[in-house]
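# Tertiary structure, described
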Amino acid sequence: MVWFSGMWLGIGLLMIVTLLGVIVKNGLSIFWPSRVMEVELVEGSPAAIQGAKVLAGEVRKIQEKSVQAEKGGTAREKQLFVGNRDAFGFGFRYVDESDIAKISYPEGIVLAERVEYGDLIGYPVSLKLATGEVKADSADFTALLEQTVGAGNARRGEIESIEKDQIGKINHRMGVLRLSQRKAELDGKITEDYRTEIAAELAELQRRYEILAGKAAALRAEQKAGLFVYRLPTGIEREIPAGDLMQYYYPNQIGFFGRVGHFFSEIWHFFSREPREANTEGGVFPAIFGTFVMTLLMSVAVVPFGVIAAIYLREYSKQGPLVRAVRIAVNNLAGVPSIVFGVFGLGFFVYFVGGSIDSLFFPERLPTPTYGTGGILWAALTLALMTVPVVIVSTEEAIAAVSRGAREASLAAGASKWQTIQRIVLPASVPGIITGLVLAMARGAGEVAPLMLVGVVKLAPTLPLDTVAPFIHLERKFMHLGFHIYDLGFQSPDSEAAKPMVFATTLLLIALVVVLNASAILLREKLRRRYASSAF
Amino acid sequence: MEDIHPAPNLDPMSQPSHSVTSAAETGASAAPIRKKDYIQVRDFSFNYTPAVRVLHGITMDVPENEVTAFIGPSGCGKTTLLRNFNRMNDLIDGISHEGTITVNGQDIFDPNLEVISLRKRIGMVFQKSNPFPKSIYENVVYSLRVAGQRNKEVLDEVVERSLKGAALWEEVKDRLQQSALGLSGGQMQRLCIARAIANQPHILLMDEPCSALDPIATAKVEELIMELKKQFTVVIVTHNMQQAARISDRTAYFYLGRLIEMDQTLKIFNNPQKKETEDYISGRLG
Ligand SMILES: Nc1ncnc2c1ncn2[C@@H]1O[C@H](COP(=O)(O)OP(=O)(O)OP(=O)(O)O)[C@@H](O)[C@H]1O
Ligand SMILES: [Mg+2]
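What counts, and at which threshold
Residues numbered from 1 in each chain as written. Chains lettered and ligands numbered in written order. Predicted model: local features only at pLDDT ≥ 70, side-chain atom pairs only at ≥ 80, totals over all residues. Heavy atoms only, no water. Helix = DSSP H or I, 4+ residues; strand = E, 2+ residues; numbered from the N terminus. Buried < 20%, exposed > 50% of the residue type's maximum accessible area, 1.4 Å probe, protein only. Contact = heavy atoms within 4.5 Å. Areas by Shrake-Rupley, 256 points an atom, 1.4 Å probe, with all protein chains shown as cover. Pairing = 2+ DSSP bridges. Near = heavy atom within 4 Å. Polar contact = N/O pair within 3.5 Å; in protein donor to acceptor, adjacent residues only side chain to side chain. Core = buried A, V, L, I, M, F, W, Y, C linked by side-chain atoms within 4.5 Å. Domains from an automatic or database assignment. Salt bridge = Lys/Arg side-chain N within 4 Å of Asp/Glu carboxyl O. Axes fitted to C-alpha atoms, helices over the stretch in contact; angles between N-to-C directions.

Scanning chain A for helices and strands turns up 14 helices and 13 strands. Counting only C-alpha atoms and orienting by the principal axes, one finds that chain A spans roughly 90 × 85 × 45 Å. Within chain A, the fraction of its 536 residues that count as buried is 44%. Considering only contacts within chain A whose residues lie at least 6 apart along the sequence, 67% involve residues at least 24 apart. Carbon and sulfur atoms provide 64% of the accessible area of chain A, an area that totals close to 27,200 Å².

See the structure below:
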């Protein structure tokens, strides 16, 4: 029997480790810049792209495939990431190994990340700038390309700052002005003076907006001014605005340290950038941030609620059938499917509470809902409700474990019941409370289904925290890593292209849950040591 | 317990009688500082459950500025009676009582009485030492903290005075901020004594305070009790006859939930009126 359960435990552990291994390997491998293979095909191969015999790409997978019996059972095929989605219409190509006539790794091939259409793989031909055309074989081409891409990135940053921050602030202010006018009208307190005052400020804002918009348009035009000319491995020459290039490298030239550097910079970009192109490119920063903030909000909500409930149940309520029923109900709450909580959250928090808040505090914005629609606060509260039983149960256990002697000593010293709870019972229960929180976070951070009903979106234009007053925007919709995985893996138009991102995002979600839990556990150990008891 | 206690004098009776004389002298010479503060127990019976009566019709007076010792075999109800004086038994479900107990003339079971204010006037040292999982310092000042005292100087002074009183100061003065749970069993017990006297209660209830202490610490605690009775009324439960004889002015002997005999310690030990008392004392000592 021991052997049997030991074996099952071993198998379970092995499966978990294997799964983690697969996720880690696949999640990290997309950041590793592998070499680009150029393949010459035999005549008549179905893998040929647009009739060309040559194609090039990163080898992503080598697999067996079954073929008809007369050809000899199985054959191996390579999956190449060929990029250039704008030219080919796809990003991946399967090539039978038997179709390959020649393999080479040409030095001159470049891999560039673009604003649109994913990666570009090809040979640089020339740069057409306002100052004239510079051929790829001329001496100053390398330096010029680097400078052009750098300038393009700087300009893109500038455009973004103008459009997002500066124009965003103006729009926000305009919205506020319009709303206050509307509010005054609704309240019947509008005066002619006020109206002209607002109109004047709006005109001034509009003027500033136009200046900024003009500046952004000029910068955009500049982005399109220079052209990068390149030749596809298939032989066709194409050109794209040089400003669309985000970064580039020569995958067959860089050495090991270059690769490692690239690897880490890619990881950093993944962490810090916003997603592009239906989330299949770019980073996942908003999703990390959204998950993190949502989990924190959930913790902030769940701990006081759970602790107060546990104190009431354990210390104040009269132990009897009613309390026992409540306790059973609480325990069963933990078993309710999470989607049910989502529906409840939508009905109660979003429509009822949110709707009431809107009609009470933001009537001037109606019919556009402010709190009456999914948002990070409602998502956090819904998850808090879902995870509160865990906190209640572990807090109750911790409270019950506080020694009778310490309670009596406190009461004998003239402390009231509440003082005893506050000063003796709760501090000693903190490790237990944190255990509950850890379990709650572990469940809450990975939960997706209920969130889809109460505020998670595929792409949130703004973060829940920013520099516009009041800085924390609890009503905003947000992105979440779990939902991101679902969206990438099952909702994206090119699931093959999104697959590496799915792995990377999964790895990240696991890592985030581990980090949150580990920090809570560390905190608990620290507190435990503080209240460590010694042998008598 | 007796075996760890030194018996320097070969004649067991000579030492107690000597001590009692000196105790009586101190009691007589100390001028009463406050109005007399009695605990009066009248016909008091106590049940833990309706079926189990553990105290039967007890009537006694505990005089002010004296040390009263409760002695008796294990399970006879000493702790139960002691814990009634500050209503610690309220925590137990299903208890009931008959008769009255008054402290300083006030009925402690009066529904209008604030239990907290009663407990503030009564310090208690429990049979099992029960320090809080807090620092040594916070343990001592606990009763002041819950009473709202914030002044650091006052607290510091109280800590030093109380720990010195409990003969613990020298051992812990350099680690006041460390957890009290790191102390030895005997040190914990003395810490609990320091905690009980910190807020200068009028009455100090001690339930076998020396059971975990070595002879030196025991002597220090006894010294403390002699000191304390100048200001406080002390009730001490002890299984150590010599201790009862040395430090108490009055001794009450309990047996199976009944008060068998209560009188001046000198009389109880030298000339008990009841045969049970004599048996118990001589049995223990002989
Ligand atoms: N919480 C309780 N519930 C029920 N019965 C109790 C409880 N506490 C004590 N008793 C019973 O009451 C009786 C008196 O107990 P008490 O603790 O007062 O004895 P004691 O004289 O202090 O004994 P010891 O010298 O061993 O400490 C015992 O029979 C005991 O079993
Ligand atoms: Mg006892």
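From this point on, the discussion continues.
Residues and elements named next belong to chain B. Although it is not a glycine, Ala-167 adopts a positive phi angle of roughly 60°. Structurally, the position occupied by Ala-167 is in the loop between helix H5 (152-165) and helix H6 (169-172). Residue Ala-167 is classed as buried on the basis of its relative accessible area of 13%. Even without being glycine, Gln-200 reaches a positive phi, approximately 45°.

Residue and element names in this part refer to chain B. Burial analysis of strand S7 (residues 203-207) places five of its five residues in the buried class, the great majority of the element. Of the two faces of S7, both are covered, the one formed by Ile-203, Leu-205 and Asp-207 as well as the one formed by Leu-204 and Met-206. As judged from the four bridges shared by strand S6 (residues 122-125) and S7, these two strands associate in the parallel manner. The residue bridging Val-125 from the neighbouring strand is Met-206, located in S7. Across five bridges, the pairing between S7 and strand S8 (residues 233-237) is parallel.

Our next topic: the site of ligand 1. Residues and elements named next belong to chain B. In the neighbourhood of ligand 1, 13 residues make up the surrounding shell, with Ser-74, Thr-79, Thr-80, Gln-127 and His-239 lying closest. For ligand 1, an oxygen atom lies 2.4 Å from a polar atom in the side chain of Ser-74. In this structure, Gly-77 approaches ligand 1 through a main-chain N or O atom, which is 3.0 Å from an oxygen atom. Isolated, ligand 1 exposes 640 Å² of accessible area, and the fraction of that covered by the protein chains is 62%. Ranked by residues supplied to the shell around ligand 1, first place goes to helix H2 (residues 78-85) with three residues.

If you look at the biggest cluster of nonpolar residues, it comprises 68 residues, and the most contacted ones within it are Phe270(A), Val284(A), Met294(A) and Leu481(A). No other element matches helix H9 (residues 376-401) of chain A, which puts 12 residues into this core. Not counting chain neighbours up to four residues away, the residues in contact with Phe270(A) comprise Phe31(A), Gly282(A), Gly283(A), Val284(A), Phe285(A), Met501(A), Ala504(A), Thr505(A) and Leu508(A). Formed by 49 residues, the second largest nonpolar core is a distinct cluster that contains Ile136(B), Leu144(B), Ala198(B) and Val234(B).

When its domains are assigned, chain A resolves into domain 1 (127-260) and domain 2 (290-535). Using only C-alpha atoms to locate each centre, domain 1 of chain A and domain 2 of chain A end up separated by 39 Å.

The subject of this paragraph is the interface of chain A and chain B. Chain A puts 23 residues into the contact, and the matching count from chain B is 26 residues. Viewed at the interface, chain B and chain A are joined by one salt bridge. Residues Glu408(A) and Arg83(B) are paired through a salt bridge, measuring 3.0 Å at the closest nitrogen-oxygen approach. Counting every contact that joins chain A to chain B gives five residue pairs in polar contact (both at pLDDT 80 or more). Only helix H10 (404-412) and helix H11 (417-445) of chain A provide two or more residues apiece to the side of chain A that touches chain B.

Another point: the sheet that holds strand S3 (residues 74-81) of chain A. Residue and element names in this part refer to chain A. One open sheet holds the five strands; their spatial order is S4-S3-S2-S1-S5, and the pairing between them is antiparallel. Here the strands that pair on one side only, and so sit at the sheet edges, are strand S4 (92-96) and strand S5 (100-104). The sheet shows a mean angle of 40° between the axes of neighbouring strands, direction not considered. Two elements, strand S1 (residues 36-41) and strand S2 (residues 54-66), share five bridges in a ladder whose sense is antiparallel. Pairing of Met-37 across the sheet is with Gly-57, part of S2.

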